Amino acid sequence: MTTSLTSTRHAVTDLAQAMELCFEKGWTDGLPVVPPTEAAVRDMLEAAELAPGEELAFITNRQVAVTAEKVAINAVMAGCRPAFMPVVVAAIEGIGDPRWAYHGPGTSTAGAAVLMIVNGPIARELDFNCGDNLFGPGWRANATVGRAVRLVMRNVIGSRPGTLDRGTLGHPGKLSYVIAENELDSPWTPLHVERGFRAEQSTVTVMAAEAPHQFYNQLSSTAAGLLTTCCDDMRISGNVVGQSQYALVLAGEHMRTISAEGWSKADVRSFVFEHTQNTVAHLKRTERLAGPVEAGDERARRPLVASPADILVVAAGGRAGAFSAYIPGWGSRKASEAVTTLIKDRRA
Amino acid sequence: MLDGILFEKVGVPAAAIVTDVFESTGRAMARSWGVPDYRFLSMPHPIANLTEAQLDQRAREIAPEVVKLILQGQE
């Protein structure tokens with residue numbers, strides 16, 4: 001495969017002009033980007049040992065091939081270090097997977113972002129934040145890897161507000177929405193191991209997702225107490241009747257309280273599945289389901305998720321503070337499901 | 001919208017309908033598929049919360065346009 005870069009060259013006189021050109025061309029997310037010079041793009045490709053023309057994803061509903069060269073350009077623009085490129089590549093492979101089903105979550109008025117959960121040793125090697133200020137700014141890996149993916153969506157796949165990104169509200173996670181699991185402090189099986197990978201492998205899980213919904217309880221000292229608080233908040237959330245997947249991000253205090261009782265992630269999933277169900281009568285009274293309330297509707301229950309397995313439990317967040325978060329997925333699991341892809345450590 | 005484009009590509013006449021706020025999205029999809037001038041129909045937004053009677057009225061209003069587009073084809 002050829003090693004030539006095929007993207008159009010633009011001549012500029014200095015850095016400031018290059019940054020302004022990127023704004024003028026509509027290539028940014030509203031913040032300045034790093035101008036993608038040929039040398040920087042080559043460094044990015046080399047770090048992932050990819051030829052420029054290698055196809056990393058094909059978005060069927062858009063008829064768009066996403067090549068390594070275009071991903072590398074956007075990774076440079078986002079501010080990634082070359083070492084981050086394999087993570088960006090894995091995330092792009094994830095959103096290109098037919099199970100993630102790009103066109104729905106990428107276009108929909110529901111305004112999903114791509115939640116990315118990094119697992120395995122690479123999360124620590126590259127300093128992905130899994131602790132304090134989990135969803136906030138301050139970590140280059142978290143901020144730039146997610147930004148790179150969003151820039152690819154915008155500049156390569158065409159997901160631009162008003163045309164092929166019709167998010168009514170969107171949310172700040174559409175700038176970047178990357179967390180790592182706190183595997184060193186967590187007593188639980190890491191997410192990627194639950195999803196079929198080995199602990200020493202590194203992965204990224206992509207899920208089409210709403211913003212994080214924080215819940216609080218510092219009074220309860222029991223797993224059931226904390227998770228009841230979570231379920232009270234969560235029961236009417238997201239699409240409510242769509243049965244999307246959910247991520248449940250348990251931070252330090254809650255993680256320790258819940259695990260101290262011997263609860264596994266499977267126990268958490270089972271409890272949350274049972275306690276987030278609505279009666280059909282309630283869903284009809286509140287006009288989330290159509291039709292009049294009928295005999296049996298008061299007892300008939302509709303689970304918030306189709307199965308306990310649709311709750312992705314992640315241990316992450318600061319050590320202090322009785323807060324955790326649930327994150328509704330987009331639409332329904334049948335329309336888009338979380339995908340975990342291997343981060344290929346091409347240096348090994 | 002995409003279904004309509006795909007039907008037409010295999011020679012099956014089709015009429016795609018969007019609500020008016022999605023005209024720009026429909027046009028962008030048409031460009032993605034290499035048929036920038038693809039013809040489709042539009043009706044007022046929204047439709048999801050209309051009553052049965054309102055939906056019937058919408059259908060009656062747009063039915064002649066559907067027939068016309070299908071008979072004319074994409075040209």
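This report concerns the structure included in the present document. For clarity, every value in this text was computed on a predicted model and none was experimentally measured.

## Observations regarding empty space enclosed by the protein
Residue and element names in this part refer to chain A. Counting across every chain of the model gives two cavities of 30 Å³ or more. For the second largest cavity, the calculated volume is near 40 Å³. Surrounding the second largest cavity, Ala113, Val114, Met116, Gly146, Val149, Arg150, Met153, Gly173, Lys174, Ser176 and Tyr177 form its lining. At the level of elements, strand E3 (113-119) and helix H7 (140-155) are the ones that each hand at least two residues to the lining of the second largest cavity.

## Things to note about the packing of helix H9 (residues 223-234) of chain A against helix H10 (residues 252-260) of chain A
All names here are of chain A. Two elements in contact, H9 and H10, have axes separated by 8 Å at closest approach and are oriented at 130°. Judged by the angle between their axes, H9 and H10 are oblique. Across from Ala223, Leu226 and Leu227 in H9, the residues of H10 making contact are His254, Thr257 and Ile258. The residue inventory of the contact of H9 with H10, partitioned by class, reads four nonpolar, two polar and no charged.

## Here's the deal with the interface of chain A and chain B
Each side of the interface is counted separately: chain A has eleven residues, and chain B has nine residues. Summing both partners gives a buried area of about 800 Å² for chain A against chain B, and 62% of it is carried by carbon and sulfur. In this structure, the connection of chain A to chain B is made through zero salt bridges. Linking chain A with chain B are five residue pairs in polar contact (both at pLDDT 80 or more). Here the side of chain A that touches chain B is built from residues that sort into one nonpolar, eight polar and two charged.

## Here's the deal with the packing of aromatic side chains
Residues and elements named next belong to chain A. Scanning the model with the defined rule gives six aromatic pairs over all chains in all. Where Phe84 meets Phe128, the ring centres are 6.2 Å apart and the plane angle is 50°; that geometry is what we call tilted. Taken as a pair, Phe84 in the loop between helix H3 (68-78) and helix H4 (85-95) and Phe128 in the loop between helix H6 (121-125) and H7 lie far apart in primary sequence, 44 residues in all. The pair Phe84 / Phe128 is uniform in exposure class, with both members buried.

## Examining the state of the cysteines
Simply put, the disulfide is a covalent bond whose two ends are the sulfur atoms of two cysteines. Residues and elements named next belong to chain A. In total, this model carries zero disulfides over all chains according to the counting rule given. With no disulfide of its own, Cys22 lies closest to Cys80 among cysteine sulfurs, the gap being 15 Å. Given a relative accessible area of 3%, Cys22 falls into the buried group. The exposure class of Cys80 is buried, given its relative accessible area of 6%.

## Thoughts on the sheet that holds E3(A)
Residues and elements named next belong to chain A. Read from one edge of the open sheet, four strands run E4-E3-E5-E12, paired in mixed fashion. Because the sheet does not close on itself, it has two edges, and the strands there are strand E4 (178-180) and strand E12 (339-342). In this sheet, neighbouring strand axes are inclined to one another by 25° on average, regardless of whether the strands run parallel or antiparallel. As defined by bridge partners, E3 adjoins E4 across three bridges and the pair is classed as parallel. Residue pairing in the sheet places Val118 in a bridge with Ala180 of E4.

## A short note on H4(A)
For an α-helix, the turn length of 3.6 residues means that residues three or four places apart are oriented alike. The element H4(A) is extensively covered by neighbouring structure, given that eleven of its eleven residues are classed as buried. Along H4(A), the positions that sit buried rather than exposed are Met85(A), Pro86(A), Val87(A), Val88(A), Val89(A), Ala90(A), Ala91(A), Ile92(A), Glu93(A), Gly94(A) and Ile95(A).

## Comments concerning the nonpolar core
All names here are of chain A. Judged by nonpolar contacts, the single largest core of 58 residues is most densely connected at Val66, Ile92, Val118 and Phe128. Those residues in contact with Val66 that lie beyond four places of it in its chain are Glu54, Glu55, Leu56, Ala57, Ile59, Val71, Ile92, Val152, Val156 and Ile157. Counting 24 residues, the second largest nonpolar core, distinct from the first, contains Leu226, Leu227, Leu250 and Val305.

## A closer look at helix H3 (residues 52-72) of chain B
All names here are of chain B. Taking 1.5 Å of rise per residue, the 21 residues of H3 would be expected to cover 30 Å, and the 30 Å separating its terminal C-alpha atoms lies within 8% of that figure. The principal kink in H3, of about 40°, is found at Ile62, preceding the proline Pro64 by one to four residues. Of the positions making up H3, those classed as buried are Arg58, Ile62 and Leu69. As for H3, its buried residues are in contact with strand E1 (17-19) and strand E2 (41-43). At the C-terminal side of H3, Gly73 shows a positive phi close to 75°.

## Overview of the side chain of Asp310(A)
Residue and element names in this part refer to chain A. Its place among the elements puts Asp310 in the loop between strand E9 (301-302) and strand E10 (311-315). For Asp310, a relative accessible area of 3% puts it in the buried group. Of the polar contacts made by the side chain of Asp310, one reaches the side chain of Arg333; its length is 3.0 Å. Filtering out sequence-adjacent residues up to four positions away, Asp310 remains in contact with Gln245, Tyr246, Val305 and Arg333.

## Structural notes on unusual backbone geometry
Going from His45(B) to Pro46(B), the amide bond is cis rather than trans, its omega being -5°. Along the polypeptide, Pro46(B) turns up in the loop between E2 and H3. Residues other than glycine seldom take positive phi values, yet Gln63(A) does so here, at roughly 60°. Unlike most non-glycine residues, Glu287(A) shows phi in positive territory, near 55°. Position of Glu287(A) among the secondary structure elements: in the loop between helix H12 (280-285) and E9.

## Side note on the pattern of salt bridges
Residues and elements named next belong to chain A. Tallying each qualifying case throughout the model produces 17 salt bridges over all chains. Between Lys265 and Glu181 there is a salt bridge, with the nearest N and O atoms lying 2.8 Å from each other. You can see Lys265 sitting in helix H11 (residues 265-275) and its partner Glu181 sitting in the loop between E4 and helix H8 (191-194), a full 84 residues away along the chain. Taken as a pair, Lys265 and Glu181 share a single burial class, namely buried.

What counts as what
Residues numbered from 1 in each chain as written. Chains lettered and ligands numbered in written order. Predicted model: local features only at pLDDT ≥ 70, side-chain atom pairs only at ≥ 80, totals over all residues. Heavy atoms only, no water. 1 Å grid on protein atoms, 1.4 Å probe; cavity = no way out; pocket = protein on both sides within 12 Å on 5 of 7 lines; lining within 4 Å. Points joined across faces, edges and corners; volume = space filled by probe spheres on them. Helix = DSSP H or I, 4+ residues; strand = E, 2+ residues; numbered from the N terminus. Axes fitted to C-alpha atoms, helices over the stretch in contact; angles between N-to-C directions. Parallel < 35°, antiparallel > 145°, perpendicular 65-115°, else oblique. Contact = heavy atoms within 4.5 Å. Nonpolar A, V, L, I, M, F, W, Y, C, P; charged D, E, K, R; others polar. Buried area = accessible area lost by both parts, 1.4 Å probe. Salt bridge = Lys/Arg side-chain N within 4 Å of Asp/Glu carboxyl O. Polar contact = N/O pair within 3.5 Å; in protein donor to acceptor, adjacent residues only side chain to side chain. Phe/Tyr/Trp six-rings, centres within 6.5 Å; stacked < 30°, edge-to-face > 60°. Buried < 20%, exposed > 50% of the residue type's maximum accessible area, 1.4 Å probe, protein only. Disulfide = S-S within 2.5 Å. Pairing = 2+ DSSP bridges. Core = buried A, V, L, I, M, F, W, Y, C linked by side-chain atoms within 4.5 Å. Expected span 1.5 Å × (residues − 1). Bend = angle between axes of the 7 residues up to and from the residue.

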